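The primary structure of each chain is shown beneath.
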Amino acid sequence: KQEVTQIPAALSVPEGENLVLNCSFTDSAIYNLQWFRQDPGKGLTSLLLIQSSQREQTSGRLNASLDKSSGRSTLYIAASQPGDSATYLCAAVVSNYQLIWGAGTKLIIKP
Amino acid sequence: SQTIHQWPATLVQPVGSPLSLECTVEGTSNPNLYWYRQAAGRGLQLLFYSIGIGQISSEVPQNLSASRPQDRQFILSSKKLLLSDSGFYLCAWSGAGSREKLFFGSGTQLSVL
């Protein structure tokens, strides 16, 4: 049974720092892995999708990597800003409709 | 471009009352549609998904039902709400297949009192 874990559960860093959020999954048989951002009381915003055949994806200051063999994905945020404060969730796609979700990392960027 | 609309944003309902949450998608055809629930401090739980009109799959036995009367319309319903139905409900859509991104609506905060 696929399980997705995100560590740490919460992270607080000063503005301007580069940071890494971690996502691990127990079964390497995934179609892709997706990263999302959720602001309080809001829906989720899709950030990056990494296909199972890919190693990384980049969008602006965000870079997501995928290592299926070790069951790990990381989300790298460069030059963090207060506006990056949110909860970040990863999800492993295991079928056409089923995503296995991590519990999220709550990120606070201090001005 | 594609957009997803979900309403209402907040809802307070008494126990035993009915529920109807609606979600519509614009700018795409034959999307996969999903209803998720997010309880406070917990992860996302898939409630229903649909790959086409009238095709609904339930992931979790519960007090809720879903319908897809039109290609881009997805409705979450209940005949009698329970206290345990409180939570944040999210509608989402994706293209068909496993390689597609998932896009979410803005959510409905349901409080059952």
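Before reading further, recall that the structure is shown in the block above.
Calculation rules
- Residues numbered from 1 in each chain as written.
- Chains lettered and ligands numbered in written order.
- Predicted model: local features only at pLDDT ≥ 70, side-chain atom pairs only at ≥ 80, totals over all residues.
- Heavy atoms only, no water.
- Disulfide = S-S within 2.5 Å.
- Helix = DSSP H or I, 4+ residues; strand = E, 2+ residues; numbered from the N terminus.
- Buried < 20%, exposed > 50% of the residue type's maximum accessible area, 1.4 Å probe, protein only.
- Contact = heavy atoms within 4.5 Å.
- Buried area = accessible area lost by both parts, 1.4 Å probe.
- Salt bridge = Lys/Arg side-chain N within 4 Å of Asp/Glu carboxyl O.
- Polar contact = N/O pair within 3.5 Å; in protein donor to acceptor, adjacent residues only side chain to side chain.
- Nonpolar A, V, L, I, M, F, W, Y, C, P; charged D, E, K, R; others polar.
- Pairing = 2+ DSSP bridges.
- Axes fitted to C-alpha atoms, helices over the stretch in contact; angles between N-to-C directions.
- 1 Å grid on protein atoms, 1.4 Å probe; cavity = no way out; pocket = protein on both sides within 12 Å on 5 of 7 lines; lining within 4 Å.
- Points joined across faces, edges and corners; volume = space filled by probe spheres on them.

A. Layout of the state of the cysteines. Counting across every chain of the model gives two disulfides over all chains. Shown here is the disulfide that connects Cys23 of chain A with Cys90 of chain A, its sulfur atoms set 2.0 Å apart. Between Cys23 of chain A and Cys90 of chain A, the S-S dihedral sits near 80 degrees, and the bridge is therefore right-handed. Taken together, the positions of Cys23 of chain A in strand 3 (residues 19-25) and Cys90 of chain A in strand 9 (residues 86-93) put the pair 67 residues apart, joining distant regions of the chain. The same class applies to Cys23 of chain A and to Cys90 of chain A, which are both buried. Cys23 of chain B shares a disulfide with Cys91 of chain B; S-S distance 2.0 Å.

B. Spatial organisation of the interface of chain B and chain A. Contacts between the two partners involve 20 residues from chain B and, on the opposite side, 21 residues from chain A. Surface buried jointly by chain B and chain A totals about 1,700 Å² across both partners, of which 53% is contributed by carbon and sulfur atoms. Where chain B packs against chain A, one counts zero salt bridges. Summed over the shared surface of chain B and chain A, the number is four residue pairs in polar contact (both at pLDDT 80 or more). Among the elements of the structure, strand 4 (32-38), strand 5 (44-52), strand 9 (87-94) and strand 10 (102-104) of chain B are those that each provide at least two residues to the side of chain B that touches chain A. Examining the composition of the side of chain B that touches chain A, we find that four residues originate from one element, strand 4 of chain B, more than from any other. A class-by-class count of the residues in the side of chain B that touches chain A yields 10 nonpolar, six polar and four charged.

C. Local environment of the sheet that holds strand 3 (residues 19-26) of chain B. Residue and element names in this part refer to chain B. Strand order in the open sheet formed by four strands is 1-3-8-7, with antiparallel pairing between adjacent strands. Each having just a single partner strand, strand 1 (3-7) and strand 7 (65-70) make up the two edges of the open sheet. Strand-to-strand, the axes of this sheet are offset by a mean angle of 20 degrees, without reference to chain direction. Relative to strand 8 (residues 73-78), strand 7 is paired through four bridges, and the arrangement is antiparallel. Pairing of Ser65 across the sheet is with Ser77, part of strand 8.

D. The arrangement of empty space enclosed by the protein in detail. If you walk through the whole model with that rule in mind, you get one cavity of 30 Å³ or more. What the largest cavity holds in volume is close to 60 Å³. As for the largest cavity, its lining consists of 12 residues, and the residues nearest its centre are Asn96 of chain A together with Tyr34, Ser94, Gly97 and Glu100 of chain B. By residue class, the composition of the lining of the largest cavity is four nonpolar, seven polar and one charged.

E. Geometry of the pairing of strand 6 (residues 56-59) of chain A. Here strand 6 of chain A runs beside strand 7 (residues 62-67) of chain A; their pairing, made up of four bridges, is antiparallel. Looking at the pairing, Glu56 of chain A lines up with Ser65 of chain A of strand 7 of chain A.

F. Inspection of the environment of Gln2 of chain B at higher detail. Residues and elements named next belong to chain B. As for its position among the elements, Gln2 is in the segment before strand 1. Considered as a pair, Gln2 and Thr28 are 26 residues apart in the sequence and their alpha carbons are 6.2 Å apart. Setting aside residues up to four positions removed in sequence, Gln2 forms contacts with Glu26, Gly27, Thr28 and Trp93.

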